Amino acid sequence: MFSQKIRTQILLAALTTATVAHAHVTIRPRESAAGVSQQYTMRVPTEKAIATVRIELEFPALADISAVDEKPGWKLELRRDAAGKLVGATWTGSKIGPREVEEFTFTARNPNEETRLEWKAIQIYEDGSRSEWTGPAGSRTPASVTGIKKALDDR
């Protein structure tokens, strides 16, 4: 059948793919209803051997962010556009150690129509390196996506 070397390579490829697939910044829920106020949770794992020290999140233009919760130990900086709408947030001043995970929460009013919200995040490590979770679905660095669906009684 397969030689030991090929079996080992297949196993290593499978393990590497599984690690990459679960190591990125994600926003939950993955699906929400149109027109509702939704609490979102950003999950930030540190997959490197060094700590995460900064997280930058760009809010989708179609989401109306109404609140970003403070996280003990972290300094929160909110970014607004010229009209005063929240367009992003940055968390600094603390660390997420290797193999640790932190969660950050915020509330947004979803758009009234069915769509996809793309949450672009940048994770910065103690050594200055970056993981940019801003790419398209299926890429090595995908942005997290929430599908916005019409409410069941609206269908």
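The rules behind each value
Residues numbered from 1 in each chain as written. Predicted model: local features only at pLDDT ≥ 70, side-chain atom pairs only at ≥ 80, totals over all residues. Heavy atoms only, no water. Helix = DSSP H or I, 4+ residues; strand = E, 2+ residues; numbered from the N terminus. Buried < 20%, exposed > 50% of the residue type's maximum accessible area, 1.4 Å probe, protein only. Contact = heavy atoms within 4.5 Å. Phe/Tyr/Trp six-rings, centres within 6.5 Å; stacked < 30°, edge-to-face > 60°. Lys NZ or Arg CZ within 6 Å of the ring centre and 35° of its normal. Pairing = 2+ DSSP bridges. Salt bridge = Lys/Arg side-chain N within 4 Å of Asp/Glu carboxyl O.

(A) Focus on the overall build of the chain. The secondary structure content of the chain amounts to one helix and eleven strands. The secondary structure elements of the chain, listed N-terminal to C-terminal, are α-β-β-β-β-β-β-β-β-β-β-β. Buried residues in the chain amount to 35% of all 155 residues. By sequence separation, contacts in the chain at least 24 residues apart represent 66% of the contacts at least 6 residues apart.

(B) Expanded view of the packing of aromatic side chains. Taken as a whole and assessed by the stated rule, the structure comprises six aromatic pairs. Among the aromatic side chains, those forming a connected cluster through ring pairs are Tyr 40, Phe 59, Phe 106 and Trp 119. Lying over the aromatic face of Phe 104, Lys 71 brings its terminal NZ or CZ to 5.6 Å of the ring centre.

(C) Just the pairing of strand 8 (residues 101-109), in detail. Pairing geometry for strand 3 (residues 37-45) and strand 8, over nine bridges, is antiparallel. Across the sheet, residue Met 42 finds its bridge partner in strand 8, namely Phe 104.

(D) View of the pattern of salt bridges. In this structure the tally under the stated criterion is five salt bridges. Close ionic contact of Arg 54 with Glu 56 constitutes a salt bridge, the shortest N to O distance being 2.6 Å. On the basis of relative accessibility, which here comes to 17%, the residue Glu 56 falls in the buried class.

(E) View of the pairing of strand 9 (residues 115-125). Pairing geometry for strand 4 (residues 52-58) and strand 9, over six bridges, is antiparallel. The partner of Thr 52 across the bridge, within strand 9, is Tyr 125. The sheet contact formed by strand 9 and strand 11 (residues 144-149) spans five bridges and is antiparallel. Within strand 11, the position partnered with Glu 118 by the bridge is Val 145. Looking at chain direction, strand 9 and strand 10 (residues 130-133) are connected through four bridges and run antiparallel. Within strand 10, the position partnered with Ala 121 by the bridge is Trp 133. Connecting strand 9 to the next strand, strand 10, in antiparallel fashion are four residues, including Gly 128 with a positive phi near 90°.

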